[in-house]
Amino acid sequence: MGKLLDVKDLAISFQTCFGEIEAIRGISFHINKGETVAIVGESGCGKSVMSGSLVQLLQMPPAYYKSGKILFQGEDIVQKSEKEMRDIRGNKISMIFQDPVTSLNPTMKIGKQIIEGIVKHQDLNKDEARKKTIEMLELVSIPQPEKRVVQYPHELSIGMCQRIMIAIAMVSNPELLIADEPTTALDVTVQAQILDIMKGIQNKLGTSIILITHDLGIVADMSDRVIIMYAGKFVEEGNVMEIFNNPMHPYTGKLLGSVPRLNMSRSESLHSIEGSPPDLYKPPAGCPFFDRCDKAMYICEHNMPKRNYHSDTHYSCCWLNCPMAKDTAEGNEI
Amino acid sequence: MKRPLISVRNLKKYFNVGRGKFLKAVDGISFDIYPGETFGLVGESGCGKSTAGRTIIRLYEPTDGETIFNDKNIYDLSRNEMRKFRRDFQMIFQNPYASLDPRMPVRDIVAEPLDIHNIYSNSNERRRRVIELLNLVGLDEKHADRFPHEFSGGQRQRIGIARALALNPKFIVCDEPMSALDVSIQAQIANLLKDLQRNLGLTYLFIAHDLSIVRYMSDRVGVMYLGHIIELADSGDLYDNPIHPYTQALLSAIPIPNPQEQRNKHRIVLGGDVPSPINPKENCRFEGRCPYVLDVCKKKEPRLREVKKNHFVACHRANEIIGGMLN
């Protein structure tokens, strides 16, 4: 499997009247062809900024790329002009967003919104484009597609609108689909339908998916690899079994413990994480999690831990997992 | 036999949407809530669970039905009597960003119920009570003079809880209190609500769409679908042995945060969407999506009946499902 997307040391900041907000602080990762990578984190950790930056959807200014490269099929997205981006966005890389109702244009018929993307990126005449539209609606399991193309978004349910969004995203058969919280606005039974559709499309077309979510259940269901993000940094990455069965970063462990499980007894209390994430206006120099971590040591406050690899695919950024920490008992200072 | 704190009987709330049509948000629900317990109400958006919660504490006037509290039907009370009753009912709202007045400092937000009921004439006593309440929810004195925008979502929800506790209520309606919060913060609020219940002997009506949180919080759970309660049971029993086909589908749709289990489980994917609650037909509301549908389901509305001890289901084929004859 080749690398489809290779992000190297990406940093993004926002210039505001109070100073610089460091939303993304040096992240590196890659996406292989045909795999699903989940990026998990709490609100404000920078996951949506990161996904927007991959297709230059951030408003610049105030946002700006501070450093790093985003290599998509070997070409650096950061260096692309807006004109060049238009050939990539919606064509090779597509996005679906959290709220399907506001993402669709309320004054345009469904069919026209789908055809827009086809006409832009493909050399098809009107009839062929219309046929392709119906095909796309069938791909996302919309009943009676001929009837739907002449309807407006307000005539459809939210779940139906999200399927239209997926159809629009998939028209030009993109290599990469970025799904930013695709089911957060949906009910569980509809969520199950949408996740099934996304899996089906991936099996059929071999699309790579970046799935941004905070729902660990969806992560367990959908992803091959998982990246845990906290305060603009990646703190742990591994394949899905490694993350769920053997979390190495204290934040990952606590995140997993804070979700109520269906088989949990009512007298058990949830492991809450006290406090709240740091302000990215002046982010801490050391580990961003140190003030909420019950295993924090002196070094954590002042020095950012590097990646410690536990297997070829699994790393965590925590001083406890540093090879030098092996000899000290847990919680003692180095 | 324990006496219920609140009895809801055949409660209905219709909204007139014009042209002789009615949106039947809540269409005849009945249940009891016992002192000290948490009664959970789950369902998907539009099923009427929030309307039910609001009608029970008379934020909406009901179309029909009664809610009995202290041997009185609260809908018969006059404005003045209702104000006295309201001291015992409070509500925690879903969106902590919208439910706190942005121009009021926290001390006034928390003390507003105290002021309305003229509890304290002395400002020192009032302040002492505010600080006591803030401490109760894990905030402290220094927060009292700040404004809502200075707090994070979890802290704002704590302020909302402090306000709800100000008058020592007996009964609190929690309407999706965690759904606007991050998972790690949700756990903080869940633990706080449980601690408060234990220490202050509160009774909750807990409304949420997140089934795993409802299971964690509630003693008994009612599942709503299009204005009806279709299943009602002890929370353990409901989650382990769901009977109504809708409950089964709903539970199987929850993604489990464990890759081995999640990928091996059988998921019932329902076709279609929830039908419109405007002028629904007088048959089983789930009929169009149910895998076990019969002719009788299309003609007659099933009543909520006790099929096992303390386990109520509104389904014509409940007995067959219990017997394992349908699979």
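Residues numbered from 1 in each chain as written. Chains lettered and ligands numbered in written order. Predicted model: local features only at pLDDT ≥ 70, side-chain atom pairs only at ≥ 80, totals over all residues. Heavy atoms only, no water.

1. Some details on the domain arrangement of chain A
Residue and element names in this part refer to chain A. Put simply, the rule reads: Note that the domain bounds were set by an automatic or database domain assignment. By definition, the buried area sums, over both parts, the 1.4 Å-probe accessible area that each loses when the two are put together. Polar contacts, as counted here, are pairs of nitrogen or oxygen atoms within 3.5 Å of one another; within protein the pair requires one atom able to donate a hydrogen and one able to accept it, and residues that are adjacent in sequence qualify only if both atoms are side-chain atoms. A helix here means a DSSP run of H or I that spans at least four residues, while a strand means a run of E at least two residues long, and both kinds are numbered starting from the N terminus. Each residue receives one of three labels: charged for Asp, Glu, Lys and Arg, nonpolar for Ala, Val, Leu, Ile, Met, Phe, Trp, Tyr, Cys and Pro, and polar for the others, Gly being one of them.
Considered domain by domain, chain A is made up of domain 1 (3-92 + 174-261 + 271-329) and domain 2 (93-173). Where domain 1 abuts domain 2, roughly 2400 Å² becomes buried across the two surfaces, and 67% of that area is made up of carbon and sulfur atoms. The largest per-residue losses of area from domain 1 upon contact with domain 2 belong to Pro174, Ile197 and Ile201, which jointly make up 22% of the total buried on that side. At the junction of domain 1 and domain 2, the tally comes to twelve residue pairs in polar contact (both at pLDDT 80 or more). Of all the elements in the fold, those that place two or more residues in the side of domain 1 that touches domain 2 are helix H1 (47-54), helix H2 (82-88), strand S7 (176-180) and helix H8 (188-205). For the side of domain 1 that touches domain 2, the per-class residue count stands at 20 nonpolar, six polar and eight charged.

2. So, the sheet that holds strand S1 (residues 3-16) of chain A
Residue and element names in this part refer to chain A. We apply this condition: Two strands pair under a simple rule: DSSP has to find at least two bridges between them. In this analysis, two residues are considered to be in contact whenever any of their non-hydrogen atoms come within 4.5 Å of each other. Axes here mean lines fitted to C-alpha atoms, for a helix over just the part in contact, with angles spanning 0 to 180 degrees between N-to-C directions.
One open sheet holds the four strands; their spatial order is S2-S1-S4-S5, and the pairing between them is antiparallel. Pairing within the sheet leaves two strands with one partner each, and these edge strands are strand S2 (19-32) and strand S5 (75-76). Both strand S4 (residues 63-72) and S5 contribute to a ladder of two bridges, which runs antiparallel. Pairing of Phe72 across the sheet is with Glu75, part of S5. Strand contacts of H1: S1, S2 and S4, with the helix running at about 115° to S1, the strand carrying the most contacts.

3. Describing the pattern of salt bridges
Residues and elements named next belong to chain B. Test applied: Here a salt bridge means any side-chain nitrogen of Lys or Arg lying within 4 Å of a carboxyl oxygen belonging to Asp or Glu. The buried label goes to any residue with under 20% of its type's maximum accessible area, the exposed label to any with over 50%, and the partly exposed label to all in between, with areas taken from a 1.4 Å probe on protein chains only.
Counting across every chain of the model gives 32 salt bridges over all chains. A salt bridge links Arg107 to Asp145; its shortest N-O distance comes to 2.5 Å. A residue pair is termed long-range when its members are at least 10 positions apart, and Arg107 in helix H3 (residues 106-116) and Asp145 in the loop between helix H4 (123-136) and helix H5 (153-165) qualify at 38 residues. In this structure Asp145 comes out as partly exposed when scored by relative accessible area, which is 40%. Residue Arg215 pairs with Asp240 through a salt bridge whose shortest N-O separation is 3.8 Å. Here the residue Arg215 occupies a position in helix H7 (residues 211-217), and Asp240 occupies one in helix H8 (residues 235-240), the gap between them amounting to 25 residues. Classification of Arg215 by relative accessible area gives buried; the value is 10%. Through salt bridges that share partners, Arg107, Asp108, Asp115, Arg126, Arg127 and Asp145 make up one connected network.

4. Digging into the interface of chain A and chain B
How big an interface is tends to be stated in terms of the accessible area lost upon association of its parts. Taken together, the contacts link 44 residues of chain A with 41 residues of chain B. Taking both sides of the interface into account, the surface hidden between chain A and chain B amounts to around 3600 Å²; carbon and sulfur atoms contribute 53%. Taken as a group, Thr189(A), Leu262(A) and Arg266(A) account for 22% of the area that chain A buries against chain B, more than any other trio of residues on that side. Summed over the shared surface of chain A and chain B, the number is zero salt bridges. Counting across the chain A and chain B interface gives five residue pairs in polar contact (both at pLDDT 80 or more). Counting residues per element, the ones that place at least two in the side of chain A that touches chain B are H8, helix H9 (216-222) and helix H10 (240-245) of chain A. Looking at the side of chain A that touches chain B, the element that brings in the most residues is H8(A), giving eight residues. Among the residues making up the side of chain A that touches chain B, the classes are represented as 19 nonpolar, 16 polar and nine charged.

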